[in-house]
Amino acid sequence: MATPDLPRVLESMRIRATSWPGMALVAGLVAVPGAQARPTSLPAGTQSTPLVVVDWDATDAADEAHAAEKMAEKLVPAIEQELFQRRIESPRPIRITLHGDFYGGNPPQARVPHVDAAGTVHLYRYGPTHLHAMAHELVHAVLRRENVPYGRFDEEGLAAWVSHVVRPSNAGFPTYGQDPAVVSGHWLVSGLAIPMNQIRDDFRGLNLRCSFQTYSLRNAFFIDLGEQQGNDAMRRFLQTMRSPSAFSDTFGSTLIELEREWLARVERRYERTPNAADLRREYRALPALDDVNACAPGRDFGDASPTTDRPDGASPRFP
Ligand SMILES: [Zn+2]
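Bear in mind that the values here come from a model prediction, so they are computed numbers and not experimental data. (Residues numbered from 1 in each chain as written. Predicted model: local features only at pLDDT ≥ 70, side-chain atom pairs only at ≥ 80, totals over all residues.)

S.K.: Tell me what's going on with the confidence of the model for the chain, and back it up with residues and numbers.
M.R.: In this model, the chain carries a mean pLDDT of 81, and residues with pLDDT of at least 70 account for 81%. Note on residues 1-40: pLDDT under 50 across the span, and 100 contacts to partners over four residues away in sequence or across chains. Predicted confidence is poor over residues 308-319, with pLDDT under 50, and the contacts of this stretch with residues over four places away or in other chains come to 17 contacts. (pLDDT = per-residue confidence, 0-100. Contact = placed C-beta atoms within 7 Å.)

As structure tokens, this is what we get:
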């Protein structure tokens, strides 16, 4: 699969290259299928345990490398447990590279956390830390290490759920510490909620370009799905994801049916949140969103109205 053209995507998001918060919006939390490890400068340092190897090419990242190693040592077993209900004695440690600031490299460009084809996790510093995206990226890395075929939308959802289970607090992208349901509710009442089937069917076109909406909506949907269906069902989903009928096969309902039920819960939750309007303003005023024009129905995606039923895997309504 072709590597997404990240610089072009970032440019299309109209990000100012000079302010980190403006760029934090694309702490994209992606696994890039087929992407090769990008050339980097020689590591400034490396430290390793049997489970993880952390290296860094940012000269000021030695302390963070230590913290990253400690965190990964806890997260990898927890992720294996959630995904496979057992520890995996792998001869291959997971490699994590800390590259320094989000905007960097040679030539300088905005850079997005990702897992490359070799299974190496690449992290960048947003504000004070490289580690906001680590749990999510480690889910992708464990799946790559176990040779689970890449599952795009479904895998992103699974990564959102597992990373929420093993590390519920997320002070970074895409919710910045706010309740995922309230963030989703705000997209819904703003008429800017991208329907799940469109995010799934046009993954390449929408996932990064509309990353605030795609990641916050999909994350909240899958976190709710896990709460509603239970962890065993989510593990069964791991076996069926990538199939067009994965949702029906696992949960007995189509993606659209599940989405409709979730949206009803989101709407109720949002309406019952006493300061929802304040939270909505607060979220949209975050420095990270300063430079972002949210993707809009009719311009960037089909429409935000409730989707009509169609079989999972049918042609998208909006190409
Ligand atoms: Zn991801």
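S.K.: Outline the pairing of strand β2 (residues 45-48), supporting the account with residue identities and numerical values.
M.R.: Bridge analysis of β2 against strand β3 (residues 52-56) gives 4 bridges, and the strand direction is antiparallel. Bridging from a neighbouring strand, G45 pairs with W56 of β3. Between the end of β2 and the start of β3, which pair antiparallel, lie 3 residues. (Pairing = 2+ DSSP bridges. Helix = DSSP H or I, 4+ residues; strand = E, 2+ residues; numbered from the N terminus.)

S.K.: Requested: an account of the nonpolar core, with residues and values cited.
M.R.: Counting 69 residues, the largest nonpolar core has A72 and L138 as its most contacted members. Ranked by residues supplied to this core, first place goes to helix α9 (residues 211-229) with 8 residues. Residue contributions to this core reach at least three from each of two domains, namely domain 1 (1-150) and domain 2 (156-319). Once residues lying within four places of it in the same chain are set aside, the contact partners of A72 are V52, I94, I96, M134 and L138. (Core = buried A, V, L, I, M, F, W, Y, C linked by C-beta atoms within 7 Å. Buried ≥ 20, exposed ≤ 12 C-beta atoms within 10 Å, placed from the backbone. Domains from an automatic or database assignment.)

S.K.: Mind laying out the pairing of β3, listing which residues take part and the relevant values?
M.R.: Across the 5 residues of β3, 4 count as buried, placing the element largely inside the fold. Of the pairings in the sheet, the one linking β3 to strand β4 (residues 94-101) comprises 5 bridges and is parallel in character. When the sheet's bridge partners are listed, V53 is paired in β4 with R95. Since β3 and β4 lie parallel, the crossover through helix α3 (residues 62-84) that links them has a hand, and here it is left-handed. (Right-handed = clockwise from strand over helix to strand, strands pointing away.)

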